[in-house]
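Topology and contacts: notes
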Amino acid sequence: MYDPSHLRTFLAVAQTLSFTQAAGRLGLRQSTVSQHVRRLEDATGRQLFSRDTHSVELTEDGEAMLGFARRILEVHEQASAFFTGTRLRGRLRFGASEDFVLTRLPEILEAFRHDHPEVDLELTVELSGTLHEQLAAGKLDLVLAKRRARDRRGELVWRDDLVWIGAERLRLDADRPVPLIVYPPPGITRALALEALERAGREWRVVCTSGSLNGLVAAARAGLGVMAHSRGVIPPGLFRVADRAALPELGTVDFVLLHAERRAPAQEAADALAAAILAGGNRLVPVGGRAGGR
């Protein structure tokens, strides 16, 4: 009833909220993306997106289709692998940034390991900047991380706002330096936060540095200061800092998949994991709602 290619296109649009970006990700023309979505809407008899010249949003039926589309594609891929007799093998070195520690990425990896038991999956969790360096050095085969400023490489998984977060009772004095909780260099979020403060002319001081997201969250929950973080995956117990704190806007950040420049021995496994992450990207960050914060 539902064409898998139409479902993949639907997921790409749902994750990017852009027909243009979905077309770029899938290597299709934008008119083809629109056609796929229209045919899926015809098949369901429901409108899946509300769209105008400025924005694309999922409808209530579109959000319901997310879960169905993911499950249909997972079963389709399992059946294809079973009947074609293809079995992926090899050592796959996968890097994921600290941002995904508190998401449902483990569920995607668990399903991948179940479907491809002969792939030796090695997971590295690090800062995005460090993962970029390790990928360039040939130490990783596939990376899921923030995209560096002015870098257009990588397959977009989703784009999110960066916001200032802290403890609910935290109060900031506009006349005093901003107390910062940050990753060490070469953290991408750290660099964006410092650049925003410098542009705004706000003084700042680092009150906590940690290479672990859990360390940063503990400091923020203790009320030591504020940290910049993706709005879609705000850790439990932390909240957006009120606008009256007069902190500068941080802009947006892209989360992307990057392959090693040299073809890896386990390239087919890397391609399969990348496809699984792109298909299940909505499990990494809520669509139509934001986690933990206000």
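Residues numbered from 1 in each chain as written. Predicted model: local features only at pLDDT ≥ 70, side-chain atom pairs only at ≥ 80, totals over all residues. Heavy atoms only, no water.

Next up on the list: the overall build of the chain. The secondary structure content of the chain amounts to nine helices and eleven strands. Each principal axis of the C-alpha distribution contributes one length, and for the chain these read about 65 × 45 × 30 Å. A separation threshold of at least 6 residues defines the contact pool for the chain, and within that pool the share at least 24 residues apart is 77%. Of the roughly 14,900 Å² of accessible surface on the chain, 48% is carried by carbon and sulfur atoms. Treating the 39 positive side-chain charges of the chain as one cloud and the 37 negative ones as another, the clouds have centres 1 Å apart. (Helix = DSSP H or I, 4+ residues; strand = E, 2+ residues; numbered from the N terminus. Contact = heavy atoms within 4.5 Å. Areas by Shrake-Rupley, 256 points an atom, 1.4 Å probe, with all protein chains shown as cover. Lys, Arg positive; Asp, Glu negative; His and termini not counted. Charge placed at Lys NZ, Arg CZ, Asp CG, Glu CD.)

Another aspect to go through is helix H9 (residues 267-279). A rise of 1.5 Å per residue sets the reference length of H9, with its 13 residues, at 18 Å; its end C-alpha atoms lie 18 Å apart and thus fit the reference within 8%. Here H9 has its buried residues at Gln-267, Ala-269, Ala-270, Leu-273, Ala-274, Ile-277, Leu-278 and Ala-279. (Expected span 1.5 Å × (residues − 1). Buried < 20%, exposed > 50% of the residue type's maximum accessible area, 1.4 Å probe, protein only.)

Residues Phe-94, Trp-164 and Leu-273 are the most contacted members of the largest nonpolar core, which totals 44 residues. When sequence neighbours within four positions are dropped, the list of residues in contact with Trp-164 reads Leu-180, Ala-193, Leu-197, Val-226, Met-227, Ala-228, Phe-239, Arg-240, Val-241, Leu-247, Pro-248 and Leu-250. By size, the runner-up hydrophobic cluster in this structure holds 21 residues, among which are Val-37, Leu-40, Phe-49 and Ala-69. (Core = buried A, V, L, I, M, F, W, Y, C linked by side-chain atoms within 4.5 Å.)

Using the criterion set out here, one finds five aromatic pairs in the structure. Ring centres of Trp-158 and Phe-255 lie 4.4 Å apart, and the angle between their planes is 20°; this geometry places the pair in the stacked category. Taken together, the positions of Trp-158 in strand S6 (residues 155-166) and Phe-255 in strand S11 (residues 252-259) put the pair 97 residues apart, joining distant regions of the chain. Under the relative-accessibility criterion, Phe-255 is labelled buried at 0%. Grouped by ring-pair contacts, the aromatic residues Phe-10, Phe-19 and Phe-49 constitute a single cluster. (Phe/Tyr/Trp six-rings, centres within 6.5 Å; stacked < 30°, edge-to-face > 60°.)

Both strand S3 (residues 90-97) and strand S4 (residues 119-126) contribute to a ladder of eight bridges, which runs parallel. Along S4, the bridge assignment pairs Gly-90 with Val-119. (Pairing = 2+ DSSP bridges.)

Attention shifts here to the environment of Ala-111. By the element assignment, Ala-111 lies in helix H5 (residues 105-115). On the basis of relative accessible area, Ala-111 is assigned to the partly exposed category, the value being 30%. Through-space distance from the C-alpha of Ala-111 to that of Met-65 is 20 Å; in sequence the pair is 46 residues apart.

We now examine a nonpolar patch on the surface. Together, Val-101, Leu-102, Leu-123 and Val-125 line one region of the surface with nonpolar side chains, adding up to about 310 Å² of accessible area. The residue Leu-123 is located in strand S4 in this model. (Patch = residues over 30% accessible without salt bridge, like charges linked within 9 Å, V, L, I, M, F, W, Y side chains within 5 Å. Salt bridge = Lys/Arg side-chain N within 4 Å of Asp/Glu carboxyl O.)

The pairing of strand S7 (residues 178-182) with strand S8 (residues 204-209) spans five bridges and is parallel. Looking at S8, one finds that Ile-181 is bridged to Cys-208. The handedness of the S7 to S8 crossover, carried by helix H7 (residues 188-200), is right-handed. (Right-handed = clockwise from strand over helix to strand, strands pointing away.)

Within the secondary structure, His-132 is located in helix H6 (residues 128-136). On the basis of relative accessibility, which here comes to 7%, the residue His-132 falls in the buried class. Sequence-distant contacts of His-132, that is, excluding residues within four places in its chain, are made with Lys-146, Arg-147, Arg-148, Ile-188 and Leu-258.

Next up on the list: H5. In an α-helix, one turn spans 3.6 residues, which is why side chains three or four residues apart end up on the same side. Among the residues of H5, Leu-105, Ile-108, Leu-109 and Phe-112 are the ones counted as buried. End-on view of H5: buried residues confined to an arc of 95°, all on one side of the axis. Opposite its buried face, H5 presents the exposed residues Glu-110 and His-114, each directed more than 90 degrees away. Of the surrounding secondary structure, the elements contacted by the buried residues of H5 are S3, S4, strand S5 (142-146) and H9. (Arc of directions from axis to C-beta.)

Another aspect to go through is the pattern of salt bridges. Tallied over the entire structure, the rule returns eleven salt bridges. Ionic pairing is found between Arg-147 and Asp-254, a salt bridge with its closest N-O pair at 2.8 Å. Of this pair, Arg-147 sits in the loop between S5 and S6 while Asp-254 sits in strand S11, and the two are 107 residues apart along the sequence. The partner of Arg-231 in a salt bridge is Asp-161, with the nearest N and O atoms 3.4 Å apart.

As a further point, take the confidence of the model for the chain. Scored by pLDDT, the chain comes out at a mean of 86, with 92% of its residues at no less than 70. Below a pLDDT of 50 lies the segment residues 286-294, which in the model reaches 25 contacts outside its immediate sequence neighbourhood of four places, other chains included. (pLDDT = per-residue confidence, 0-100.)

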